[in-house]
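The chain contents come next:
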Amino acid sequence: MSNGIELHNVTKRYGSDANAPLAVKGISFEVPEGTLTTILGPSGCGKTTTLRMIAGLESPSFGSIIMGGRDVTTLGPADRNVSMMFQSYALFPHMNVIENVSYGLKMSGVRKNEAMARARDALKGVGLVGFDERLPSELSGGQQQRVALARALVLEPAVLLFDEPLSNLDARLRREMREEIRSLQQRLGLTVAYVTHDQSEALAVSDQIIVMDHGVIAQRGTPQQLYGHPESEFVAGFMGEAMVFPAVAQPEGRVELGPLTLPLRYDIAPGVVKVAVRPEAWQIGAAVGLPATLRKAAYLGSVYEYAFDTALGSVFVVSADLSRPLTAGAQTTLSLAMHGVSVVPAAA
Ligand SMILES: Nc1ncnc2c1ncn2[C@@H]1O[C@H](COP(=O)(O)OP(=O)(O)O)[C@@H](O)[C@H]1O
Ligand SMILES: [Mg+2]
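Residues numbered from 1 in each chain as written. Chains lettered and ligands numbered in written order. Predicted model: local features only at pLDDT ≥ 70, side-chain atom pairs only at ≥ 80, totals over all residues. Heavy atoms only, no water.

Describe in detail the packing of aromatic side chains, supporting the description with residues and values.
Counted under the stated rule, the structure contains seven aromatic pairs. Between Phe234 and Phe238, the aromatic rings sit 5.7 Å apart at their centres with planes inclined by 15°, giving stacked as the arrangement. Of the two residues, Phe234 and Phe238 are both situated in helix H8 (residues 233-238); the distance of four residues between them amounts to about one turn of the helix. For Phe234, a relative accessible area of 26% translates into the label partly exposed. Take Phe238: its relative accessible area is 18%, and that puts it in the buried class. Aromatic ring contacts, followed pair by pair, group Tyr299, Tyr304, Tyr306 and Phe308 into a single cluster. Geometry around Phe92 places Arg151 over its ring, the cationic atom sitting 5.5 Å from the centre. Just above the ring of Tyr227 sits the side chain of Arg278; from NZ or CZ to the centre is 4.1 Å. (Phe/Tyr/Trp six-rings, centres within 6.5 Å; stacked < 30°, edge-to-face > 60°. Helix = DSSP H or I, 4+ residues; strand = E, 2+ residues; numbered from the N terminus. Buried < 20%, exposed > 50% of the residue type's maximum accessible area, 1.4 Å probe, protein only. Lys NZ or Arg CZ within 6 Å of the ring centre and 35° of its normal.)

Structure, rendered in structure tokens:
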């Protein structure tokens, strides 16, 4: 029996109209105890609905949710030992930092002195010391975020839920805070379900990623599995940049992409397939390969971005080789590395 979170065939239809579309369509997954799972997908795919069902803020239309080995499907949020942090983390504007963080403890009957001491500990845990008396309006966005995080942590929930917690922050703070959330999660061994639409955020913080599309799970796995071995065009495109080319799978499993031949893959049906290629998977200048003429080059500091004209059409390449930059008009060949190349069904 697991001490994490389990969803079994969880389905959600809002309202009572039996013809209304399903927001979540029979999904099953597990968040193992002490690990972080992100639910990743485009807007409207059912991420928030899923998280709110875990929190007990919405009830599933079908299916069950198990937490700590206990069926909590019909329990309200107060009976689940979960804490949720939202996109709009809404601190109480008229309360100072320490009051904001200790509020939940006081509400649940903890004496004032102890509540203050635990709130101070939580603030220290998120690296916010010396701001106890400030009002939210006197804090930066990142500091407010830390207060919200401390407020969620101070309740010592068995499960912590995040719904796009970083989307109001600028890019640098987002990176900093996501690292902080990840290290806090690992240090305290927290069980976390984390919703985001940002694939780089998901790759950076997760033990497991659940990619959702239109209310169903498109694929689940580790960041490496999802980025390196997407099973559909949707996941390949969503997990990072990828160009998708039509190709042909031969009966013996060989996949032909123009003049290029990809390694055998036996689990793919012969016929028309698609090949999703990450821009960094192309190798430039091999003895044999796809003839290519450079149309455009851009220097980005740590990499070059190239656009080539080829028999497969325009090909976008990211090269980390800064020593021999190509200039427009250069003729070369392109071949494919083992990493960053996925064969996916054409119908997907
Ligand atoms: N309270 C609600 N009532 C009716 N439909 C809703 C409600 N909340 C969300 N939906 C619908 O459910 C689907 C999934 O929404 P949501 O879970 O918020 O997606 P996400 O968080 O991935 O953007 C959407 O089609 C949305 O319009
Ligand atoms: Mg949402």
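Could you give an account of the site of ligand 1, with specific residues and numbers?
Looking at ligand 1, the residues that line it are Tyr14, Ala23, Pro42, Ser43, Gly44, Cys45, Gly46, Lys47, Thr48 and Thr49. At 3.1 Å from an oxygen atom of ligand 1 is found a main-chain nitrogen or oxygen belonging to Gly46. In the model, an oxygen atom of ligand 1 is placed 2.8 Å from a nitrogen or oxygen of the Lys47 side chain. Expressed as a share of its isolated accessible area of 560 Å², the protein-covered part of ligand 1 is 54%. In terms of residue class, the shell around ligand 1 is built from four nonpolar, five polar and one charged. (Near = heavy atom within 4 Å. Polar contact = N/O pair within 3.5 Å; in protein donor to acceptor, adjacent residues only side chain to side chain. Areas by Shrake-Rupley, 256 points an atom, 1.4 Å probe, with all protein chains shown as cover. Nonpolar A, V, L, I, M, F, W, Y, C, P; charged D, E, K, R; others polar.)

Can you explain the sheet that holds strand E6 (residues 82-85)? Please cite residues and give values.
With respect to topology, six strands assemble into an open sheet ordered E6-E7-E8-E3-E9-E10, the strand pairing being mixed. Whereas interior strands pair on both sides, the edge strands pair on one side only; in this sheet they are E6 and strand E10 (216-221). For this sheet the average axis-to-axis angle between neighbouring strands, irrespective of direction, equals 15°. When strand E3 (residues 36-40) meets strand E9 (residues 208-213), the two strands line up parallel, connected through four bridges. Among the inter-strand pairings, Thr38 is bridged to a residue of E9, identified as Ile209. Contacts from helix H4 (residues 141-153) reach E6 and strand E7 (159-163), with the element oriented near 170° to E6. (Pairing = 2+ DSSP bridges. Axes fitted to C-alpha atoms, helices over the stretch in contact; angles between N-to-C directions. Contact = heavy atoms within 4.5 Å.)

Give me the lowdown on the pattern of salt bridges, citing residues and values where you can.
Overall, the coordinates contain 12 salt bridges when judged by the stated rule. Between Arg118 and Glu114 there is a salt bridge, and its shortest N-O distance comes to 3.3 Å. In this pair, Arg118 and Glu114 are both assigned in helix H3 (residues 112-125), four residues apart and thus about one turn of the helix distant. Look at Arg118 and you get partly exposed, because its relative accessible area is 24%. Its salt-bridge partner being Arg146, residue Glu176 comes within 3.2 Å of it at the nearest N-O pair. Linking Glu176 in helix H5 (residues 171-188) with Arg146 in helix H4, this pair joins segments that are 30 residues apart in sequence. Relative accessible area serves as the criterion here: at 33%, Glu176 is assigned to the partly exposed category. Residues joined by salt bridges that share partners form a network here, namely Lys12, Arg52 and Glu58. (Salt bridge = Lys/Arg side-chain N within 4 Å of Asp/Glu carboxyl O.)

Residues and numbers for the layout of surface pockets, please.
The space that makes up the largest pocket amounts to roughly 600 Å³. Every residue lining the largest pocket is counted, 21 residues in all, and those nearest its centre are Pro77, Val82, Ser83, Met84 and Leu155. Listing elements by their share of the lining of the largest pocket, those giving two or more residues are E6, helix H2 (97-107) and H4. Counting residues per element, the lining of the largest pocket draws most heavily on E6, which supplies four residues. For the lining of the largest pocket, the per-class residue count stands at 16 nonpolar, four polar and one charged. (1 Å grid on protein atoms, 1.4 Å probe; cavity = no way out; pocket = protein on both sides within 12 Å on 5 of 7 lines; lining within 4 Å. Points joined across faces, edges and corners; volume = space filled by probe spheres on them.)

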